[in-house]
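Commentary on secondary and tertiary structure
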Amino acid sequence: IAASRPNTRELDLTNAPDWIECDLRALDNIPGPADLVLAADGVLNRAASLREVEAMLSGIYHLLDEQKGLIFDIETIGGLAASDQSSTITLYDDPQEMTILARPHFSFETLSRTTHLTIWQRTSGGWQRADEFHTARGFPVHAIRAVLERCGFTLQALLDSEMQPVDPGADPPARVVFVAAK
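An account of the accompanying structure is given in this report. (Residues numbered from 1 in each chain as written. Predicted model: local features only at pLDDT ≥ 70, side-chain atom pairs only at ≥ 80, totals over all residues. Heavy atoms only, no water.)

**Let's talk about the overall build of the chain**
Secondary structure assignment for the chain yields three helices and ten strands. Counted from the first residue to the last, the chain has its helices and strands arranged as β-β-β-α-β-α-β-β-β-β-α-β-β. Dimensions of the chain, computed from C-alpha atoms along their principal axes, come out at roughly 55 × 45 × 30 Å. For the chain, with 182 residues in total, the buried portion stands at 36%. The contacts in the chain between residues at least 6 apart in sequence include a share of 56% that link residues at least 24 apart. Working note: accessible area of the chain is about 10900 Å², and carbon and sulfur atoms make up 51% of it. Both charge centroids of the chain, one from 15 positive and one from 26 negative side chains, sit 4 Å from each other. (Helix = DSSP H or I, 4+ residues; strand = E, 2+ residues; numbered from the N terminus. Buried < 20%, exposed > 50% of the residue type's maximum accessible area, 1.4 Å probe, protein only. Contact = heavy atoms within 4.5 Å. Areas by Shrake-Rupley, 256 points an atom, 1.4 Å probe, with all protein chains shown as cover. Lys, Arg positive; Asp, Glu negative; His and termini not counted. Charge placed at Lys NZ, Arg CZ, Asp CG, Glu CD.)

What follows is the structure, encoded as C-alpha coordinates:
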(Lines give C-alpha, C1' and ligand atoms only; values in the text may rest on other atoms or scores of the structure.)
Protein backbone atom coordinates (compact mmCIF):
# COMPACT_ATOMS: atom_id res chain seq x y z
CA ILE A 1 0.00 0.00 0.00
CA ALA A 2 1.46 3.34 -0.99
CA ALA A 3 0.48 6.83 0.04
CA SER A 4 2.01 10.06 -1.13
CA ARG A 5 3.48 12.34 1.45
CA PRO A 6 1.39 15.49 1.88
CA ASN A 7 2.29 18.31 -0.51
CA THR A 8 4.99 16.25 -2.21
CA ARG A 9 3.50 15.17 -5.52
CA GLU A 10 6.72 15.82 -7.49
CA LEU A 11 8.46 12.68 -8.69
CA ASP A 12 11.95 12.45 -7.24
CA LEU A 13 13.74 10.15 -4.85
CA THR A 14 13.30 12.43 -1.86
CA ASN A 15 9.53 12.40 -2.33
CA ALA A 16 9.04 8.66 -2.74
CA PRO A 17 5.75 7.31 -1.38
CA ASP A 18 5.52 5.61 1.98
CA TRP A 19 4.93 1.86 1.56
CA ILE A 20 3.11 -0.32 4.08
CA GLU A 21 3.24 -4.12 3.95
CA CYS A 22 0.12 -5.68 5.43
CA ASP A 23 -2.36 -8.54 5.38
CA LEU A 24 -5.17 -7.73 2.92
CA ARG A 25 -7.63 -9.46 5.24
CA ALA A 26 -6.95 -6.93 8.01
CA LEU A 27 -7.01 -3.42 6.54
CA ASP A 28 -8.99 -1.76 9.35
CA ASN A 29 -5.89 -0.54 11.17
CA ILE A 30 -4.12 0.84 8.08
CA PRO A 31 -4.08 4.64 7.88
CA GLY A 32 -5.62 5.88 4.68
CA PRO A 33 -6.36 7.01 2.19
CA ALA A 34 -3.91 5.15 -0.04
CA ASP A 35 -2.80 6.11 -3.54
CA LEU A 36 -1.99 2.60 -4.73
CA VAL A 37 -2.45 -0.96 -3.56
CA LEU A 38 -0.13 -3.56 -5.07
CA ALA A 39 -0.90 -7.22 -4.36
CA ALA A 40 1.81 -9.19 -6.14
CA ASP A 41 2.76 -12.82 -6.63
CA GLY A 42 -0.72 -14.31 -6.53
CA VAL A 43 -1.67 -13.01 -3.09
CA LEU A 44 -5.38 -13.33 -3.88
CA ASN A 45 -4.84 -17.00 -4.78
CA ARG A 46 -4.26 -17.55 -1.05
CA ALA A 47 -7.88 -16.64 -0.27
CA ALA A 48 -10.01 -19.55 0.91
CA SER A 49 -12.98 -18.59 -1.26
CA LEU A 50 -14.30 -16.07 -3.76
CA ARG A 51 -16.19 -14.52 -0.82
CA GLU A 52 -12.85 -13.88 0.93
CA VAL A 53 -11.47 -12.35 -2.30
CA GLU A 54 -14.50 -10.03 -2.36
CA ALA A 55 -13.94 -9.03 1.28
CA MET A 56 -10.30 -8.19 0.52
CA LEU A 57 -11.19 -6.17 -2.58
CA SER A 58 -13.93 -4.33 -0.69
CA GLY A 59 -11.46 -3.42 2.07
CA ILE A 60 -8.98 -2.19 -0.54
CA TYR A 61 -11.70 -0.11 -2.21
CA HIS A 62 -12.53 1.66 1.07
CA LEU A 63 -8.84 2.26 1.78
CA LEU A 64 -8.05 3.85 -1.60
CA ASP A 65 -8.42 7.54 -2.28
CA GLU A 66 -10.71 8.57 -5.16
CA GLN A 67 -9.39 7.81 -8.66
CA LYS A 68 -6.46 5.81 -7.28
CA GLY A 69 -5.29 2.37 -8.32
CA LEU A 70 -5.09 -1.29 -7.53
CA ILE A 71 -2.72 -3.68 -9.30
CA PHE A 72 -2.75 -7.39 -8.57
CA ASP A 73 -2.03 -10.67 -10.29
CA ILE A 74 -3.54 -14.11 -9.99
CA GLU A 75 -2.47 -17.50 -11.16
CA THR A 76 -5.30 -18.79 -13.32
CA ILE A 77 -6.82 -22.23 -12.86
CA GLY A 78 -4.91 -23.34 -15.95
CA GLY A 79 -1.69 -21.91 -14.57
CA LEU A 80 -2.13 -23.73 -11.27
CA ALA A 81 -2.95 -26.99 -13.05
CA ALA A 82 0.07 -26.65 -15.36
CA SER A 83 2.37 -26.33 -12.35
CA ASP A 84 1.40 -29.80 -11.08
CA GLN A 85 4.58 -31.86 -10.86
CA SER A 86 4.95 -35.57 -10.42
CA SER A 87 8.52 -35.13 -9.22
CA THR A 88 10.17 -33.14 -6.47
CA ILE A 89 11.58 -29.71 -7.32
CA THR A 90 14.69 -28.42 -5.57
CA LEU A 91 14.05 -24.78 -4.70
CA TYR A 92 17.26 -24.16 -2.79
CA ASP A 93 20.27 -26.36 -2.20
CA ASP A 94 23.24 -25.45 -0.04
CA PRO A 95 24.56 -28.85 1.14
CA GLN A 96 26.32 -27.19 4.07
CA GLU A 97 23.37 -25.23 5.47
CA MET A 98 19.90 -25.75 3.98
CA THR A 99 17.92 -27.58 1.31
CA ILE A 100 14.32 -26.79 0.35
CA LEU A 101 12.30 -29.26 -1.71
CA ALA A 102 8.83 -28.67 -3.17
CA ARG A 103 6.18 -31.11 -4.32
CA PRO A 104 3.22 -29.30 -5.92
CA HIS A 105 -0.05 -31.14 -6.52
CA PHE A 106 -3.12 -29.75 -8.30
CA SER A 107 -6.62 -30.92 -7.38
CA PHE A 108 -9.25 -30.61 -10.10
CA GLU A 109 -11.90 -31.20 -7.44
CA THR A 110 -10.96 -28.13 -5.38
CA LEU A 111 -9.25 -26.13 -8.18
CA SER A 112 -6.26 -25.63 -5.93
CA ARG A 113 -2.57 -26.40 -5.87
CA THR A 114 -1.05 -27.57 -2.62
CA THR A 115 2.72 -27.40 -2.43
CA HIS A 116 4.40 -29.54 0.19
CA LEU A 117 7.69 -27.94 1.19
CA THR A 118 10.32 -29.98 3.00
CA ILE A 119 13.03 -27.86 4.58
CA TRP A 120 16.28 -29.41 5.80
CA GLN A 121 18.41 -27.04 7.89
CA ARG A 122 21.71 -27.77 9.58
CA THR A 123 21.83 -26.93 13.27
CA SER A 124 24.49 -27.56 15.89
CA GLY A 125 22.85 -30.90 16.66
CA GLY A 126 22.61 -32.11 13.07
CA TRP A 127 19.92 -31.69 10.44
CA GLN A 128 16.42 -30.45 11.35
CA ARG A 129 13.42 -31.16 9.12
CA ALA A 130 10.40 -28.89 8.80
CA ASP A 131 7.36 -29.38 6.58
CA GLU A 132 5.03 -26.68 5.29
CA PHE A 133 1.96 -26.83 3.08
CA HIS A 134 1.03 -23.85 0.91
CA THR A 135 -2.32 -23.75 -0.88
CA ALA A 136 -3.15 -21.56 -3.86
CA ARG A 137 -6.75 -21.60 -5.07
CA GLY A 138 -7.83 -20.96 -8.62
CA PHE A 139 -10.72 -18.68 -9.50
CA PRO A 140 -12.11 -18.02 -12.99
CA VAL A 141 -10.81 -14.73 -14.39
CA HIS A 142 -14.36 -13.61 -15.23
CA ALA A 143 -15.42 -14.27 -11.60
CA ILE A 144 -12.56 -12.12 -10.23
CA ARG A 145 -13.49 -9.41 -12.73
CA ALA A 146 -17.15 -9.51 -11.65
CA VAL A 147 -16.20 -9.28 -7.96
CA LEU A 148 -13.83 -6.40 -8.71
CA GLU A 149 -16.60 -4.47 -10.45
CA ARG A 150 -19.17 -5.37 -7.77
CA CYS A 151 -16.82 -3.78 -5.21
CA GLY A 152 -16.90 -0.54 -7.22
CA PHE A 153 -13.64 -0.76 -9.16
CA THR A 154 -13.29 0.00 -12.87
CA LEU A 155 -11.06 -2.44 -14.73
CA GLN A 156 -8.45 -0.45 -16.64
CA ALA A 157 -6.46 -3.36 -18.10
CA LEU A 158 -6.20 -7.12 -18.05
CA LEU A 159 -2.64 -8.20 -18.89
CA ASP A 160 -0.53 -11.34 -19.18
CA SER A 161 2.83 -11.77 -17.42
CA GLU A 162 4.54 -10.00 -20.36
CA MET A 163 2.23 -6.99 -19.78
CA GLN A 164 0.37 -7.63 -23.04
CA PRO A 165 -3.45 -7.25 -23.17
CA VAL A 166 -5.48 -10.39 -22.48
CA ASP A 167 -8.71 -11.10 -24.33
CA PRO A 168 -11.23 -11.77 -21.54
CA GLY A 169 -13.19 -14.10 -23.82
CA ALA A 170 -10.20 -16.27 -24.70
CA ASP A 171 -8.54 -18.98 -22.66
CA PRO A 172 -6.44 -17.01 -20.13
CA PRO A 173 -2.68 -17.41 -19.74
CA ALA A 174 -1.09 -18.92 -16.62
CA ARG A 175 -0.98 -15.55 -14.83
CA VAL A 176 -3.20 -12.52 -15.28
CA VAL A 177 -2.50 -8.99 -14.03
CA PHE A 178 -5.48 -6.78 -13.17
CA VAL A 179 -5.11 -3.00 -13.25
CA ALA A 180 -8.13 -1.27 -11.70
CA ALA A 181 -9.12 2.17 -10.43
CA LYS A 182 -11.51 3.39 -7.78
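Now that the structure has been shown, the text picks up again.
**So, the pairing of strand β3 (residues 34-39)**
Both β3 and strand β4 (residues 64-75) contribute to a ladder of five bridges, which runs parallel. Bridge pairing in β4 places A34 opposite L64. (Pairing = 2+ DSSP bridges.)

**A look at a nonpolar patch on the surface**
On the surface, I89, L91 and Y92 cluster together to form a nonpolar patch covering roughly 270 Å² of accessible area. Considering the arrangement of structural elements, one finds I89 in strand β5 (residues 89-94). I89 sits in the partly exposed class, given a relative accessible area of 30%. (Patch = residues over 30% accessible without salt bridge, like charges linked within 9 Å, V, L, I, M, F, W, Y side chains within 5 Å. Salt bridge = Lys/Arg side-chain N within 4 Å of Asp/Glu carboxyl O.)

**A few points about the environment of E109**
Within the element layout of this structure, E109 appears in the loop between β6 (98-107) and β7 (112-123). Note on E109: relative accessible area 74%, which makes it exposed. Distance from E109 to L44, taken between C-alpha atoms, is 19 Å for residues 65 residues apart in sequence.

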